Amino acid sequence: MVLCSQTGGNAYQVPAGRRDGGVSRSSETDGNLPPPTATVNQMTQMFAAKGLTQKEMVALSGAHTIGASHCSSFSSRLYGSGTTAGKDPTMDPAYVAQLARQCLQSGAPAGSGPLVPLDAVTPNAFDEGFFKGVMANRGLLSSDQALLNDRNTASQVVAYANDPSTFQSDFAAAMVKMGAVGVLTGRSGRIRSNCRVA
Ligand code: HEM
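Model, not experiment: these values are computed from the prediction.

Quick notes on the rules
Residues numbered from 1 in each chain as written. Predicted model: local features only at pLDDT ≥ 70, side-chain atom pairs only at ≥ 80, totals over all residues. Heavy atoms only, no water. Helix = DSSP H or I, 4+ residues; strand = E, 2+ residues; numbered from the N terminus. Rg over C-alpha atoms; globule rule 2.2 N^0.38 Å. Buried < 20%, exposed > 50% of the residue type's maximum accessible area, 1.4 Å probe, protein only. Contact = heavy atoms within 4.5 Å. Areas by Shrake-Rupley, 256 points an atom, 1.4 Å probe, with all protein chains shown as cover. Near = heavy atom within 4 Å. Polar contact = N/O pair within 3.5 Å; in protein donor to acceptor, adjacent residues only side chain to side chain. Donors = N, O, S within 2.8 Å, 3.2 Å for Na, K, Ca; no water. Disulfide = S-S within 2.5 Å. Phe/Tyr/Trp six-rings, centres within 6.5 Å; stacked < 30°, edge-to-face > 60°. Core = buried A, V, L, I, M, F, W, Y, C linked by side-chain atoms within 4.5 Å.

Engineer: Got a sec to walk through the overall build of the chain? Specific residues and values, please.
Structural biologist: Scanning the chain from N- to C-terminus turns up eight helices and six strands. Traced from its N-terminal end to its C-terminal end, the chain shows the element sequence β-β-β-α-α-β-α-α-β-α-α-α-α-β. A compact globule built from 198 residues would reach a C-alpha radius of gyration of about 16 Å, and the chain, at 18 Å, matches this within 12%. With respect to the principal axes defined by its C-alpha atoms, the chain has extents near 55 × 35 × 30 Å. In the chain, buried positions account for 32% of the 198 residues. Partitioning the contacts of the chain with sequence separation of at least 6, the portion at a separation of at least 24 is 68%. In the form shown here, the chain has an accessible surface area of approximately 11,200 Å², with 55% of it arising from carbon and sulfur atoms.

Engineer: So, the site of the ligand: which residues are in play, and what are the values?
Structural biologist: In the vicinity of the ligand, 19 residues are found, and the nearest of them are His64, Gly67, Ala68, His70 and Ser73. Contact between the ligand and His64: a nitrogen atom at 2.8 Å from a side-chain N or O atom of the residue. Residue His70 places a side-chain N or O atom 2.6 Å away from an oxygen atom belonging to the ligand. Every element with two or more residues in the shell around the ligand is listed here: helix H1 (40–48), helix H2 (54–61), strand S4 (68–70) and helix H8 (164–178).

Engineer: Hey, could you go over the coordination of the iron atom of the ligand for me, with residue numbers and the actual values?
Structural biologist: Exactly one protein atom donates to the iron atom of the ligand; that atom is His64 (NE2), 2.0 Å from the metal. Structurally, His64 is set in the loop between H2 and S4.

Engineer: Summarise the state of the cysteines; cite the residues concerned and give the values.
Structural biologist: Note on terminology: disulfide describes a covalent bond linking the sulfur atoms of two cysteines. The final tally for this structure, using the stated rule, is one disulfide. Disulfide partner of Cys71: Cys103, at an S-S distance of 2.0 Å. Given an S-S torsion of about -70°, the disulfide between Cys71 and Cys103 has left-handed geometry. Here Cys71, found in the loop between S4 and helix H3 (76–79), pairs with Cys103, found in the loop between helix H4 (93–102) and strand S5 (115–117); they are 32 residues apart in sequence, far enough to count as distant. Note on accessibility: Cys71 and Cys103 belong to one class, buried.

Engineer: Now, about the environment of Ser69: what can you tell me, with residues and values included?
Structural biologist: In this fold, Ser69 is placed in strand S4. Classification of Ser69 as buried rests on a relative accessible area of 6%. As a C-alpha pair, Ser69 and Ala120 span 51 residues in sequence and 12 Å in three-dimensional space. Beyond its immediate chain neighbours, meaning those up to four positions away, Ser69 contacts Phe74, Pro114, Leu115, Val116, Leu118, Leu140 and Leu141.

Engineer: Tell me about the packing of aromatic side chains, and name the residues and values.
Structural biologist: Summed over all chains, the structure comprises seven aromatic pairs. With a centroid separation of 5.1 Å and 75° between ring planes, the pair formed by Phe130 and Phe131 is classed as edge-to-face. Take Phe130 and Phe131: they sit in the same class, and that class is buried. Pairing Phe167 with Phe171 gives two aromatic rings, centres 5.8 Å apart and planes at 55°, and the pair type is tilted. Of this pair, Phe167 and Phe171 both sit in helix H8, four residues apart, roughly one helical turn. For the pair shown, Phe167 and Phe171 are each scored as buried.

Engineer: Provide a residue-level description of the nonpolar core, including the pertinent values.
Structural biologist: Val58, Phe131 and Leu147 are the most contacted members of the largest nonpolar core, which totals 21 residues. Of all the elements in the fold, those that place two or more residues in this core are H1, H2, helix H5 (129–135), helix H7 (151–162) and H8. In this structure Val58 touches Phe131, Leu147, Thr153, Gln156, Val157 and Tyr160, once residues within four positions along its chain are discounted. Ranked by size, the runner-up nonpolar core spans 12 residues in total, among them Phe74, Tyr95, Leu99 and Leu140.

Written as structure tokens, this is what we have:
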């Protein structure tokens, strides 16, 4: 059986009946979620550890076409931090200035501060705007902007920016594949009757 999953402007079929855990704890994500300072190599390794290719990683990064980030995840790019001095030179200076008006200080605790859209180009549409933003040095997270630092990921960013339908189909396929990562089998976990409720 298949169900239809809808992410903004992208709708695709996902297999139903997956066994899930009965609880969801943020502490259990440690070591599984890359930090906003991750390099392309680090992200590639973390996705590879889940059986996902670098190409699928770039497609899935396109999820940042929607949603928002707390200032704490990128304010070091505006003001510097203990380890980095001053503004991040890989960020468009006009975007730095705009963000600095929204995020008034650096060094706030993780998960705090105002929320800023991850896609500076078309924040409310599920489209290729995220990739266009990265090309314009308007990737919000250092990890997003870093996609331009690697020859292969950079050319994929450009390809998706120019070919939205390929991005949409690659994203849907990679989401279905990611949905099969670490699925519980046998008697562990249970199938949800309502997808959004554990
Ligand atoms: C490639 C490595 C990735 C990194 C380093 C990363 C990092 C982050 C960070 C730091 C935030 C903001 C957290 C905050 O400050 O509140 C965020 C938000 C988000 N991420 Fe990622 N992410 C990655 C991949 C993904 C993937 C694969 C997906 C889904 C397919 C995804 C979907 C989202 C969404 C939807 C939000 C916004 C959440 C909201 O608005 O509440 N990200 N990500």
